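# Per-entry structural report
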Amino acid sequence: MSDIAEFERRIAYALERIGKGAERLRDQVAAASEANADSAAASGADSAEIEQLKQALAEEKTANAQLEERVKAIREKQDKNVAGLEAQIAELTARAQTAEKDLDKLRRATADLRASNTALREANAEGLADAHLINKSMQAELIALRAQQEADRAELDGLIGELSPMVEEINNA
């Protein structure tokens, strides 16, 4: 980005110089036209000077056009980079939201599992083997395991997404 700012500064300075040069050329052309009208003998010298000034003006216009093309190319490249970064931010935001949802689900499942295990321990301590509490505990454990599996899958998908471009780059090299 600092290169772009430096190019823009240099281009602005060059355009300013071109503008000043063009003004000087116009002034010189105007002065030469006035002198040309005043003296027929100086006419040949003035027309040569006018031709030189016209040539210098044409060269400045060419240089200006080249600088404008460079600025345009730099801006297009910058816009492309910004669009790529915005897409990457959107993707990472979506991944973070998915991971947050999975983490919330895992927290709820873990809390349910703890509650079920506590109830099961209390019932077991009292000597009351309750099939309903055992079933509830097993269900909570299965939910926790599934939530952990989904979180692991999301993490692996994220890693694969990050590594895939690197692998492609290595394969294309």
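Coordinates for the structure precede this section.
Residues numbered from 1 in each chain as written. Predicted model: local features only at pLDDT ≥ 70, side-chain atom pairs only at ≥ 80, totals over all residues. Heavy atoms only, no water.

Once that is clear, we can look at the nonpolar core. Among the nonpolar cores identified, the biggest contains 5 residues, and these are Ile-11, Ala-14, Ile-18, Leu-67 and Val-71. Among the elements of the structure, α1 (2-38) and α2 (43-125) are those that each provide at least two residues to this core. A per-element tally of this core places α1 first, with 3 residues. (Core = buried A, V, L, I, M, F, W, Y, C linked by side-chain atoms within 4.5 Å. Buried < 20%, exposed > 50% of the residue type's maximum accessible area, 1.4 Å probe, protein only. Helix = DSSP H or I, 4+ residues; strand = E, 2+ residues; numbered from the N terminus.)

The next thing to look at is the layout of surface pockets. Quantified by volume, the largest pocket comes out at close to 180 Å³. Lining the largest pocket, in full, are Arg-95, Ala-96, Thr-98, Ala-99, Asp-102, Leu-103, Leu-106, Ala-151, Ala-154, Glu-155, Asp-157 and Gly-158. Only α2 and α3 (131-172) provide two or more residues apiece to the lining of the largest pocket. At 7 residues, the largest contribution of residues to the lining of the largest pocket is made by α2. (1 Å grid on protein atoms, 1.4 Å probe; cavity = no way out; pocket = protein on both sides within 12 Å on 5 of 7 lines; lining within 4 Å. Points joined across faces, edges and corners; volume = space filled by probe spheres on them.)

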